[in-house]
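In case you want the letters, here they are:
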Amino acid sequence: MIGAKGLFLVGALAFWLPEIVLYASTRQALNGKLVTFLLPSSLLIVYLLISILRRGRIAKPSAAIFMVLGVVVLGTLAMTIGATIRGAGFLGHPGSTLLGVLLGTVIPIYAFIAATYDGSLYALIFVSILMPLIHLLFERKNWIIPPKKAGVTSMSGG
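First, a word on scope: everything that follows refers to the structure included in this document.

Rules used in this analysis
- Residues numbered from 1 in each chain as written.
- Predicted model: local features only at pLDDT ≥ 70, side-chain atom pairs only at ≥ 80, totals over all residues.
- Heavy atoms only, no water.
- Phe/Tyr/Trp six-rings, centres within 6.5 Å; stacked < 30°, edge-to-face > 60°.
- Buried < 20%, exposed > 50% of the residue type's maximum accessible area, 1.4 Å probe, protein only.
- Lys NZ or Arg CZ within 6 Å of the ring centre and 35° of its normal.
- Patch = residues over 30% accessible without salt bridge, like charges linked within 9 Å, V, L, I, M, F, W, Y side chains within 5 Å.
- Areas by Shrake-Rupley, 256 points an atom, 1.4 Å probe, with all protein chains shown as cover.
- Salt bridge = Lys/Arg side-chain N within 4 Å of Asp/Glu carboxyl O.
- Helix = DSSP H or I, 4+ residues; strand = E, 2+ residues; numbered from the N terminus.
- Core = buried A, V, L, I, M, F, W, Y, C linked by side-chain atoms within 4.5 Å.
- Contact = heavy atoms within 4.5 Å.
- Expected span 1.5 Å × (residues − 1).
- Arc of directions from axis to C-beta.

1. A short note on the packing of aromatic side chains
Consideration 1: Tallied over the full model, the rule gives two aromatic pairs.
Consideration 2: A centroid spacing of 4.7 Å and a plane angle of 85 degrees characterise the contact between Phe 15 and Trp 16, whose relative ring orientation is edge-to-face. Taken as a pair, Phe 15 and Trp 16 share a single burial class, namely buried.
Consideration 3: It is Arg 86 that lies over the ring of Tyr 23; its NZ or CZ is 4.4 Å from the centre.

2. Examining unusual backbone geometry
What you tend to see is this: most non-glycine residues have negative phi, and most peptide bonds are trans.
Consideration 1: For Arg 27, which is not a glycine, the phi torsion comes out positive at approximately 60 degrees.
Consideration 2: Residue classification places Arg 27 among the exposed positions, given a relative accessible area of 54%.

3. Remarks on a nonpolar patch on the surface
Consideration 1: Taken together, Leu 99, Leu 103, Val 106, Ile 107, Ile 109, Tyr 110, Ile 113 and Tyr 117 make up a surface patch of nonpolar side chains, about 820 Å² in accessible area.
Consideration 2: Mapped by element, the contributors of at least two residues to the nonpolar patch are helix H5 (94-106) and helix H6 (109-118).
Consideration 3: In terms of residues, the nonpolar patch owes the most to one element, H6, which gives four residues.
Consideration 4: For Ile 113, the location among the structural elements is in helix H6.
Consideration 5: Relative accessible area serves as the criterion here: at 41%, Ile 113 is assigned to the partly exposed category.

4. Points about the nonpolar core
Grouped burial of nonpolar side chains is what soluble globular proteins tend to show.
Consideration 1: Counting 29 residues, the largest nonpolar core has Phe 15, Trp 16, Leu 43, Met 67, Leu 124 and Met 131 as its most contacted members.
Consideration 2: Secondary structure elements with two or more residues in this core: helix H1 (4-26), helix H2 (32-53), helix H3 (63-73), helix H4 (75-85), H6 and helix H7 (121-138).
Consideration 3: Setting aside its immediate chain neighbours within four residues, Met 131 contacts Leu 43, Leu 44, Tyr 47, Ala 64, Met 67 and Val 68.

5. Topic: H5
Consideration 1: Across its 13 residues, H5 extends 18 Å between first and last C-alpha, which sits within 8% of the 18 Å expected from 1.5 Å per residue.
Consideration 2: Those residues of H5 not exposed but buried are Thr 97, Val 101 and Gly 104. One side of H5 carries all its buried residues, which in axial view fall inside an arc of 65 degrees. Exposed residues on H5 whose side chains face more than 90 degrees from its buried face are Gly 95, Leu 99 and Val 106.
Consideration 3: Buried residues along H5 sit against H3, H4 and H6.

Written out as structure tokens, the structure is:
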């Protein structure tokens, strides 16, 4: 079974990898409509596949929530990789770029700022709204905050 960390990474890869691959093949800016359609579509397809594979009655991490967290938290890094492929990003000013990526990881709002320049803002906003709604509709029984382990008792006598 895939855990929360795996869902986090799979979500980021499912959303950002198609854009990175297109940047690698074209080496130029992408059509905004293509990005707005392609990125959420690839995330939703992967989410659907994971949901089919994870069927069962036991509580598990919410795929929708952890996948979208991966998209947002690793978004700045993914967009920087795409920019590097196009001749900017880490190639221009590696030190300040690395600082920006680290800030984007710690303060996720930077992913939305970077997406404005990247052309993927609408796609990012769309999945940031859609995935929590999917959680509420289809994964309400799955957890966002891990449940406490049962059976942990105090050994102090008294």
